[in-house]
Amino acid sequence: MATSNRIAEVAAAVGEPARAAMLAALMDGRALTAAELADLAAITPQTASGHLARLTSVGLITAEKQGRHRYHRLAGADVARMIESVMQIAGGVTLARTIPRIGPRDAALRQARTCYDHLAGGLGVSIADALRASGAVEIDGDAAALTEVGRAQMQALGILAPARSTRPLCRPCLDWSERRPHLAGALGAAICSHALDQVWVRRRAGTRALEITPAGRIGFRQAFGVVTVTGQPGLAASQAERQPW
């Protein structure tokens, strides 16, 4: 059970700008070195080491050594969910003060990005909408379930979540840019891995944004009924009539 001291300890660890920048940089699910994180947070490697030790001590990140390098990643999906929620709140505060100009990089993040290990942005939300409209997934508040129809669909597509996983099979995750849920959990991770393996999406250097490839425009439509119109993902017309995007 979390105590007030423990809550304050975690909040203090997240609440420092450099540490917040490091956590945000790890939100795409990849592991980064201290030097890479220092560069992203605009601090020295020595300062970064102290911040990383603090984040590790409160259980927000983990580290593993491979060869000469030590790689850092988020400790798990629960941490990613917490950071995504903070981003949502922080974004809401910013929007309440002023509406910023949306540049190309912001547009790319809104279109498609990773949220830890699953798809987010317009693409992730559209996939969730499509699966919900077809009866493959049921979403009710903070709960979600993969139906028998959905299991058959995932098997046919070759998208299979691990049979024995300690994480939920399917969970809604509120998207901070769309303000509607995309899919997380083992199923969300499996869909994201499949999209990357099939080169339906490609990672953009230096950002969580994903590029939807020509193969992806075909793949997402055939697999889920999701199309890209004027650069933004949405449902195919037949599904959009039932589930507006």
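You'll find the structure just up there.
Below is a summary of the structure that appears in this document. (Residues numbered from 1 in each chain as written. Predicted model: local features only at pLDDT ≥ 70, side-chain atom pairs only at ≥ 80, totals over all residues. Heavy atoms only, no water.)

## Quick look at the overall build of the chain
Then, number 1: Counting its regular elements, the chain contains eleven helices and 13 strands.
Then, number 2: Here the chain, with 245 residues, has 43% of them falling under the buried criterion.
Then, number 3: Contacts in the chain between residues at least 24 apart in sequence constitute 57% of all its contacts with a sequence separation of at least 6.
Then, number 4: As displayed, the chain has an accessible area near 12800 Å², and 54% of this comes from carbon and sulfur atoms. (Helix = DSSP H or I, 4+ residues; strand = E, 2+ residues; numbered from the N terminus. Buried < 20%, exposed > 50% of the residue type's maximum accessible area, 1.4 Å probe, protein only. Contact = heavy atoms within 4.5 Å. Areas by Shrake-Rupley, 256 points an atom, 1.4 Å probe, with all protein chains shown as cover.)

## Concerning the nonpolar core
Then, number 1: Grouped together as the largest cluster of nonpolar side chains are 31 residues, with contacts concentrated most on Leu-23, Leu-60 and Leu-74.
Then, number 2: Counting residues per element, the ones that place at least two in this core are α1 (4–14), α2 (17–25), α3 (34–41), α4 (45–57) and α5 (77–97).
Then, number 3: In contact with Leu-60, not counting residues within four places along its chain, are Val-10, Ala-13, Val-14, Leu-23, Leu-55, Arg-73, Leu-74, Ala-75, Val-79 and Met-82.
Then, number 4: Counting 29 residues, the second-largest nonpolar core is a separate cluster that includes Ile-127, Ala-128, Ile-139 and Leu-183. (Core = buried A, V, L, I, M, F, W, Y, C linked by side-chain atoms within 4.5 Å.)

## Here we look at the pattern of salt bridges
Then, number 1: Across all of its chains, the model carries eight salt bridges by this definition.
Then, number 2: One salt bridge in this structure joins Arg-208 and Glu-84, with 3.7 Å as the shortest N-O distance. A residue pair is termed long-range when its members are at least 10 positions apart, and Arg-208 in the loop between β10 (201–203) and β11 (210–212) and Glu-84 in helix α5 qualify at 124 residues. Note on accessibility: Arg-208 and Glu-84 belong to one class, buried.
Then, number 3: Salt bridges sharing common partners tie together Glu-84, Arg-113, Asp-175 and Arg-208. (Salt bridge = Lys/Arg side-chain N within 4 Å of Asp/Glu carboxyl O.)

## Thoughts on the packing of aromatic side chains
Then, number 1: Considering all chains together, one arrives at one aromatic pair under this definition.
Then, number 2: The interplanar angle of 65° and the centroid separation of 5.1 Å between the aromatic rings of Trp-200 and Phe-220 together place this pair among those described as edge-to-face. In this pair, Trp-200 sits in the loop between α9 (185–197) and β10 while Phe-220 sits in helix α10 (residues 214–224), placing the two residues 20 residues apart along the sequence. Here Trp-200 matches Phe-220 in class, with each residue buried. (Phe/Tyr/Trp six-rings, centres within 6.5 Å; stacked < 30°, edge-to-face > 60°.)

## Description of the side chain of Thr-207
Then, number 1: Of note, Thr-207 is situated in the loop between β10 and β11.
Then, number 2: Taking relative accessible area as the criterion, Thr-207 reaches 15% and is therefore assigned buried.
Then, number 3: There is a polar contact of 3.2 Å between the side chain of Thr-207 and the backbone nitrogen of Ala-209. (Polar contact = N/O pair within 3.5 Å; in protein donor to acceptor, adjacent residues only side chain to side chain.)

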